[in-house]
Amino acid sequence: MLELVPITEGIGTEVRGVDVTGHISDRDFGRIYQAWIDTTILLIRGQHMTPAQHVAFTRRFGEVYAYTRSKFDHPEHPEILVLSNIVRDGKPIGSAYSGRVWHTDGHYLTDPPAGSMLYALKVPPVGGDTWFANMLGAYDALPQHVKERIDDLKVVISRVQSRPYNYPDRPAPTAQEIAEWPDVPQPLVRVHEESGRKAIYAGGNVPWRIEGMSEDESRPLVTFLQEFSVQPRFTYRHRWQPGDIVLWDNRSAMHQATPYDYTAHHRLMHRTTVAAPHAAVPTGRAAS
Ligand code: SIN
């Protein structure tokens, strides 16, 4: 029987009593979906999914959106991004170092993805955890005068400047990428299109500035919001076990991967991405 159990007081729901490869009724799925929107992350333990089942389960949450770089896409299921330090025949099978700073996925896109679903296949005994922060809770807890100050501001996100933070193992952007990646303004306070709740958005530790201000002028507010959002009361550190699935809402949660001993242990994760409900889902894949 389906059970929805809070992970902490401030963030997340553990979904119990489901096999995601089996039948989940519309009624039960509706409750699971609502828990995702309300609490920003879902955890489902003990699952065994093939890549095709992973994509199919992701599709229940929305269009599957393959915006990630093709080099580490799963060979048979390009909707899946492989995150791993495993090297096969002299070639890395996945991206080994992504997501080491607080961020939301695709924040540099005009239509950032609604969600990301990470599935653990191999995990190291220590480290390789993922932090999550509830940005709805962080916004709610801000003092009223700060809310009033930030409600209508926009942040300017630079994909070019974010690259070394998001993907430190990738080369610097080429001249062509720099020309093709304009800075993107995003609302600093994002109204969730499904719940109508407000979340601090784009508060991650990638470079951003407030529209109309220089980076120097933006820094005090940026630093305050970054530090405010990741207080223990809004965060959860997930220690992965094989078979765990975590789905996070990119509109209302930040996340950050933690390091592990790459020389001694393997980590293998499969990630899918859910498009924003209104987004035109691209048919091709943009390098990221
Ligand atoms: C990510 O940032 O999407 C990856 C998180 C992780 O590997 O723990």
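Residues numbered from 1 in each chain as written. Predicted model: local features only at pLDDT ≥ 70, side-chain atom pairs only at ≥ 80, totals over all residues. Heavy atoms only, no water.

### A closer look at the confidence of the model for the protein
Confidence along the protein averages 91 in pLDDT terms, with 95% of residues attaining 70 or more. In this model residues 282-288 is a low-confidence stretch, pLDDT under 50, and it forms 21 contacts with partners more than four residues away in sequence or in other chains. (pLDDT = per-residue confidence, 0-100. Contact = heavy atoms within 4.5 Å.)

### Considering the layout of surface pockets
Each pocket or cavity is described by its volume, and for the second largest pocket that value is around 180 Å³. Looking at the second largest pocket, the residues that line it are Tyr 165, Val 206, Pro 207, Trp 208, Glu 215, Ser 218, Arg 219, Val 222, Thr 223 and Gln 226. Examining the composition of the lining of the second largest pocket, we find that six residues originate from one element, helix H7 (residues 215-229), more than from any other. (1 Å grid on protein atoms, 1.4 Å probe; cavity = no way out; pocket = protein on both sides within 12 Å on 5 of 7 lines; lining within 4 Å. Points joined across faces, edges and corners; volume = space filled by probe spheres on them. Helix = DSSP H or I, 4+ residues; strand = E, 2+ residues; numbered from the N terminus.)

### Observations concerning the side chain of Ser 158
In this structure, Ser 158 sits in the loop between strand E9 (154-157) and helix H5 (159-166). Relative accessible area serves as the criterion here: at 5%, Ser 158 is assigned to the buried category. At a separation of 2.9 Å, a polar atom in the side chain of Ser 158 contacts the main-chain amide nitrogen of Gln 161. Beyond its immediate stretch of four places on either side in the chain, Ser 158 contacts Asp 183 and Pro 207. (Buried < 20%, exposed > 50% of the residue type's maximum accessible area, 1.4 Å probe, protein only. Polar contact = N/O pair within 3.5 Å; in protein donor to acceptor, adjacent residues only side chain to side chain.)

### Some words on the pattern of salt bridges
In this structure the tally under the stated criterion is 14 salt bridges. As a salt-bridge pair, Arg 239 and Asp 129 come within 3.7 Å of each other at their nearest N and O atoms. Of the two residues, Arg 239 is situated in the loop between strand E14 (235-238) and strand E15 (245-249) and Asp 129 in the loop between strand E7 (115-122) and strand E8 (130-134); the sequence distance between them amounts to 110 residues. Look at Arg 239 and you get exposed, because its relative accessible area is 53%. Using a relative accessible area of 6% as the deciding quantity, one classes Asp 129 as buried. Here Glu 193 and Arg 251 are joined by a salt bridge, their closest N and O atoms 3.8 Å apart. Residue Glu 193 is located in the loop between strand E11 (189-191) and strand E12 (198-200), and its partner Arg 251 is located in the loop between E15 and strand E16 (253-257); the two are separated by 58 residues in the primary sequence. Looking at Glu 193, the relative accessible area reads 35%, which means it is partly exposed. One connected set of salt bridges, linked through shared partners, spans Arg 190, Glu 193, Glu 194, Asp 249 and Arg 251. (Salt bridge = Lys/Arg side-chain N within 4 Å of Asp/Glu carboxyl O.)

### What to know about unusual backbone geometry
Backbone geometry at Thr 40 places phi at a positive 75°, although glycine is not the residue there. Take Thr 40: it is sitting in the loop between helix H1 (26-39) and strand E3 (41-44). Given a relative accessible area of 0%, Thr 40 falls into the buried group. A positive phi is found at Asp 89, a non-glycine position, where the angle reads about 50°.

### Here we look at the packing of aromatic side chains
All chains considered together, the criterion is met by 12 aromatic pairs. Geometrically, the ring pair formed by Tyr 97 and Tyr 262 is tilted, given 4.9 Å between the ring centres and 50° between the ring planes. Note that Tyr 97 is positioned in the loop between strand E6 (91-92) and E7 and Tyr 262 in the loop between E16 and strand E17 (268-274), a separation of 165 residues in sequence. Overall, the relative accessible area of 35% leaves Tyr 97 in the partly exposed class. Here Tyr 260 and Tyr 262 contribute two aromatic rings whose centre-to-centre distance is 4.4 Å and whose plane-to-plane angle is 45°, an arrangement assigned as tilted. Above the ring of Trp 181, the side-chain terminus of Arg 159 is found at 4.2 Å from the ring centroid. (Phe/Tyr/Trp six-rings, centres within 6.5 Å; stacked < 30°, edge-to-face > 60°. Lys NZ or Arg CZ within 6 Å of the ring centre and 35° of its normal.)

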